[in-house]
Amino acid sequence: MPVAGTRWLIHNSMPVAAALDVVVFYPRCIAAILFFDARVSVMERLICKADAHSLRFLLCYVALAGMASAVEPTEVSGLKPLKERVLTQAEQQALSPEEVLSMLREGNRRFVAGTLTLRDHSAQVRKAALGQFPKAIILSCVDSRVPVEDVFDRGIGDIFVSRNAGNFVNIDVLGGMEFACKVAGAKLILVMGHEDCGAVKGAIDNVKLGNLTAMLKNIRPSVAQVAEKVGEGTSADEAFVQKVTKQNVRDAIANIRKQSPVLLDLERQGRLTIVGGIYNMNTGEVEFFDES
Ligand SMILES: [Zn+2]
């Protein structure tokens, strides 16, 4: 019997039994639980069979409810059990940039398949409290439909995430990347754009609104480059938006190398890889660029 069904039976049986007559109702309730729920241990079966005292019934009820509660998330939703721990410094240093990229690809496959890792966040918070040794830093748009940690099935202490509207690079973003890679030891920078990006569309249409006006100027060079190749376009032109989105990611990568000698040096030493990708809004899949 499904766990949810068992729990319903347990939760609904107890008040009724208490209100009527524990001795009368008890055997039927326990028989139903034992018959349908194979997880009930031999010990609990023996306790139940020993006698029909209400206190034992209550203990049995508490034990069964705890068991159902403990296993329910895995069995009901199909989530996989905890697979990754918070990284130690030694584990982080042993990873190559290629291995980190493979981990992100695998995590994204789990996200797309709906088999995210089940994590004990409370335990991970405690383990990560003394330091952090993340694998990568991901630069993403602020878009609420792109939950970065989930997209790569990452937990606490796994990755740095830098976000702004349109995933462009500026001095603040670069400072964060230099901290992540040079100081904290991350092995990979991923610049991730996404389909249907409002910031990209705003830059294409040259929107003027408050601070957005200045912010969108960061994306305008990418718009200009695409327009030079294929002609002017608007945000209604899907193909044009797509091209600008990709160009914007490529430009961000180029700016990282151009504006950060620290990161360029790490990349030349083979201690860092910089890659680009686009998040597909329909499938959740990240299409990584071939070039790095
Ligand atoms: Zn966006």
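Everything that follows concerns the structure shown earlier in this document.
Residues numbered from 1 in each chain as written. Predicted model: local features only at pLDDT ≥ 70, side-chain atom pairs only at ≥ 80, totals over all residues.

## Considerations on the overall build of the protein
For step 1, the next point in the chain: On a plain count of helices and strands, the protein comes out with 14 helices and five strands.
For step 2, the next point in the chain: When burial is assessed residue by residue, the protein has 33% of its 292 residues classed as buried.
For step 3, the next point in the chain: Taking as baseline every contact in the protein between residues at least 6 positions apart, the subset at least 24 positions apart corresponds to 72%. (Helix = DSSP H or I, 4+ residues; strand = E, 2+ residues; numbered from the N terminus. Buried ≥ 20, exposed ≤ 12 C-beta atoms within 10 Å, placed from the backbone. Contact = placed C-beta atoms within 7 Å.)

## What to know about the nonpolar core
For step 1, the next point in the chain: Grouped together as the largest cluster of nonpolar side chains are 50 residues, with contacts concentrated most on A136, I137, C181, I189 and L190.
For step 2, the next point in the chain: Of the residues forming this core, the biggest block, seven residues, is contributed by helix 13 (residues 238-259).
For step 3, the next point in the chain: Ignoring any residue separated from it by four or fewer positions in sequence, one finds I189 in contact with I137, M177, C181, I256, L272 and I274. (Core = buried A, V, L, I, M, F, W, Y, C linked by C-beta atoms within 7 Å.)

## Focus: the packing of helix 12 (residues 220-230) against helix 13
Two packed helices can be described by the angle between their axes and the distance between those axes.
For step 1, the next point in the chain: The geometry of helix 12 relative to helix 13 is characterised by a closest axis approach of 8 Å and an angle of 125° between their N-to-C directions. One way to sum up the angle between helix 12 and helix 13 is to call them oblique. The crossing of helix 12 and helix 13 is right-handed. Of the residues in helix 13, those in contact with P221, S222, V223, Q225, V226 and V230 of helix 12 are F240, K243, V244, Q247, N248 and D251.
For step 2, the next point in the chain: Class assignment for the residues of the contact of helix 12 with helix 13 results in six nonpolar, four polar and two charged. (Axes fitted to C-alpha atoms, helices over the stretch in contact; angles between N-to-C directions. Parallel < 35°, antiparallel > 145°, perpendicular 65-115°, else oblique. Left-handed = near helix turned anticlockwise from the far one by under 90°. Nonpolar A, V, L, I, M, F, W, Y, C, P; charged D, E, K, R; others polar.)

## Describing the pairing of strand 1 (residues 136-140)
For step 1, the next point in the chain: Taking burial as the measure, the five residues of strand 1 include five buried ones, the bulk of the element.
For step 2, the next point in the chain: Judged by which residues are buried, strand 1 turns out to be covered on both faces: A136, I138 and S140 on one side and I137 and L139 on the other are all buried.
For step 3, the next point in the chain: Pairing analysis gives five bridges linking strand 1 to strand 2 (residues 159-163), with the strands arranged parallel. Its bridge partner lying in strand 2, S140 is registered against R163. (Pairing = 2+ DSSP bridges.)

## What about the packing of helix 9 (residues 171-183) against helix 14 (residues 261-268)?
For step 1, the next point in the chain: Axis separation between helix 9 and helix 14 bottoms out at 9 Å; the angle between their running directions is 35°. Judged by the sense of rotation from one axis to the other, the crossing of helix 9 with helix 14 is left-handed. In this structure, helix 9 contributes M177, E178, C181 and K182 to the contact, and helix 14 contributes V262, L263 and L266.
For step 2, the next point in the chain: Of the residues contributing to the contact of helix 9 with helix 14, the split by class is five nonpolar, no polar and two charged.

## Side note on the sheet that holds strand 1
For step 1, the next point in the chain: Ordered in space as 2-1-3-4-5, the five strands form an open sheet in which the pairing is mixed. A single partner strand is all that each edge strand has here, and the edge strands are strand 2 and strand 5 (286-288). Put simply, the sheet's adjacent strands are angled 25° from each other on average, direction ignored.
For step 2, the next point in the chain: Lying over the sheet, helix 6 (residues 97-113) contacts strand 1, strand 3 (188-194), strand 4 (273-279) and strand 5, oriented at roughly 35° with respect to strand 3.

## Some points on the environment of D172
For step 1, the next point in the chain: Mapped onto the fold, D172 is located in helix 9.
For step 2, the next point in the chain: The spatial distance from the C-alpha of D172 to the C-alpha of S162 is 9.7 Å, given a sequence separation of 10 residues.

## Details of the pairing of strand 3
Each regular strand carries side chains that alternate between the two faces of the sheet.
For step 1, the next point in the chain: Along strand 3, seven of the seven residues are buried, which leaves the element largely enclosed by surrounding structure.
For step 2, the next point in the chain: Of the pairings in the sheet, the one linking strand 1 to strand 3 comprises five bridges and is parallel in character. Looking at the pairing, I137 lines up with I189 of strand 3.
For step 3, the next point in the chain: Direction of pairing for strand 3 relative to strand 4: parallel, over a ladder of seven bridges. Following the sheet pairing, I189 is matched in strand 4 by I274.

## Things to note about helix 6
For step 1, the next point in the chain: If you check helix 6, its first and last C-alpha atoms are 24 Å apart, about what 17 residues at 1.5 Å a residue would give, namely 24 Å.
For step 2, the next point in the chain: Here helix 6 has its buried residues at P97, V100, M103, L104, G107, N108 and F111. Down the axis, helix 6 shows its buried residues gathered within 135° of arc, on one side only. Every exposed residue of helix 6 that faces more than 90 degrees away from the buried side is listed here: E98, S102, E106 and A113.
For step 3, the next point in the chain: A positive backbone phi angle near 75° is found at G114, which sits one or two residues after helix 6. (Expected span 1.5 Å × (residues − 1). Arc of directions from axis to C-beta.)

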